[in-house]
Amino acid sequence: MLLGKQGAGKGTQASRLAEHYDIHHLATGDLFRDAAAAGTPLGLEAKSYMDQGFLVPDEIVDGVVDEQLRADDRMSRGFVLDGYPRNRHQAERLDETLDGFRLDLAVDLDVPTEIVLHRIAGRRVCSNCGANYHLDNPPENDWTCDVCGGQVEQRDDDTADAVMRRLELYEMETLPVIQYYRRAGILAHVDAGAETEEVFKHLVELIESRFDPRIESR
Ligand code: ADP
Ligand code: ZN
């Protein structure tokens, strides 16, 4: 599980870990954005909260996560969580959903607020596949995604107001989640102010120093 402020790089690192270990990447924000783009009732309801920087209500989030984790052999094979749990209630609910399966590691991606503000202000995202770019690191041609050819845009919730609200909610709602996993004895920290490659290397070292990964890395 990756924890950390908005802009800490959870999405980028979680995708890379999922690819490296060949496991499922569950990103609640991406699920809600996809549902909103598809115009489903769930997506449209979620969007009304997301665009303002509020959390989507727990009743909605819990149902979606439960369904996602029960699909295929995700619980036995392993998965990486990104953006969930985001409050104490969701952390407790996750324990129920896992029903005896063990969470191995919760990593807090540490990064100063000045850095995340810069990252989020310049962040641009592929509207089709979710690949992340930045004004300082744009796609090869004219905001067309290098991965899939989709249109690269600013997220509707990356406005100054919504970002401030998300960071406030992070302090109030998500810091207690870090405390929750510290008490459970599975919390680790990684400095996420470094380059993407460097952070990824530290994550893999951390994971492999903690376990004998049952899943072979590719
Ligand atoms: P960020 O971490 O930058 O806010 P995400 O893509 O993780 O980006 O989430 C975007 C939005 O989706 C959040 O602001 C919130 O409205 C909603 N969301 C995502 N995950 C959750 C969750 N676990 N609980 C409630 N709302 C969520
Ligand atoms: Zn794309």
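Since we're looking at a predicted model, the values are computed, not measured.

Here the focus is the nonpolar core. One finds M1, L3, F32, L69, L94 and Y181 to be the most contacted residues of the largest nonpolar core, which totals 28 residues. When contributions to this core are tallied by element, the ones reaching two or more residues are helix 3 (41-50), helix 4 (58-70), strand 3 (79-82), helix 6 (88-98) and helix 8 (160-183). L3 has contacts with K10, P85, A106, V107, D108, L109, V177, I178, Y181 and L187, leaving out every residue within four places of it along the chain. Counting 25 residues, the second-largest nonpolar core is a separate cluster that includes A18, L105, L109 and V111.

Here we come to the coordination of the zinc ion (ligand 2). Bound to the zinc ion (ligand 2) are the protein donor atoms C126 (SG), C129 (SG), C145 (SG) and C148 (SG), situated 2.3 to 2.4 Å from the metal. Ordering the donors of the zinc ion (ligand 2) by residue number gives the pattern C-x2-C-x15-C-x2-C. With C129 in the loop between strand 5 (123-126) and strand 6 (132-134) and C145 in the loop between strand 6 and strand 7 (152-153), this pair connects stretches of sequence that are 16 residues apart. The partly exposed category is assigned to C129, whose relative accessible area is 40%.

A few words on empty space enclosed by the protein. Following the criterion strictly, the structure yields two cavities of 30 Å³ or more and no others. Size it by volume and the largest cavity reaches roughly 70 Å³. Surrounding the largest cavity, L2, L3, G4, Q6, K10, G83, Y84, P85, R86, Y170 and T174 form its lining. Elements that contribute at least two residues to the lining of the largest cavity include exactly strand 1 (2-3) and helix 8. Split into classes, the residues belonging to the lining of the largest cavity amount to five nonpolar, four polar and two charged. Of the voids in this model, the second largest cavity is the one considered here, and its volume is about 40 Å³. Taken together, the residues of the lining of the second largest cavity sort by class into three nonpolar, three polar and two charged.

Criteria and cut-off values
- Residues numbered from 1 in each chain as written.
- Chains lettered and ligands numbered in written order.
- Predicted model: local features only at pLDDT ≥ 70, side-chain atom pairs only at ≥ 80, totals over all residues.
- Heavy atoms only, no water.
- Core = buried A, V, L, I, M, F, W, Y, C linked by side-chain atoms within 4.5 Å.
- Buried < 20%, exposed > 50% of the residue type's maximum accessible area, 1.4 Å probe, protein only.
- Helix = DSSP H or I, 4+ residues; strand = E, 2+ residues; numbered from the N terminus.
- Contact = heavy atoms within 4.5 Å.
- Donors = N, O, S within 2.8 Å, 3.2 Å for Na, K, Ca; no water.
- 1 Å grid on protein atoms, 1.4 Å probe; cavity = no way out; pocket = protein on both sides within 12 Å on 5 of 7 lines; lining within 4 Å.
- Points joined across faces, edges and corners; volume = space filled by probe spheres on them.
- Nonpolar A, V, L, I, M, F, W, Y, C, P; charged D, E, K, R; others polar.

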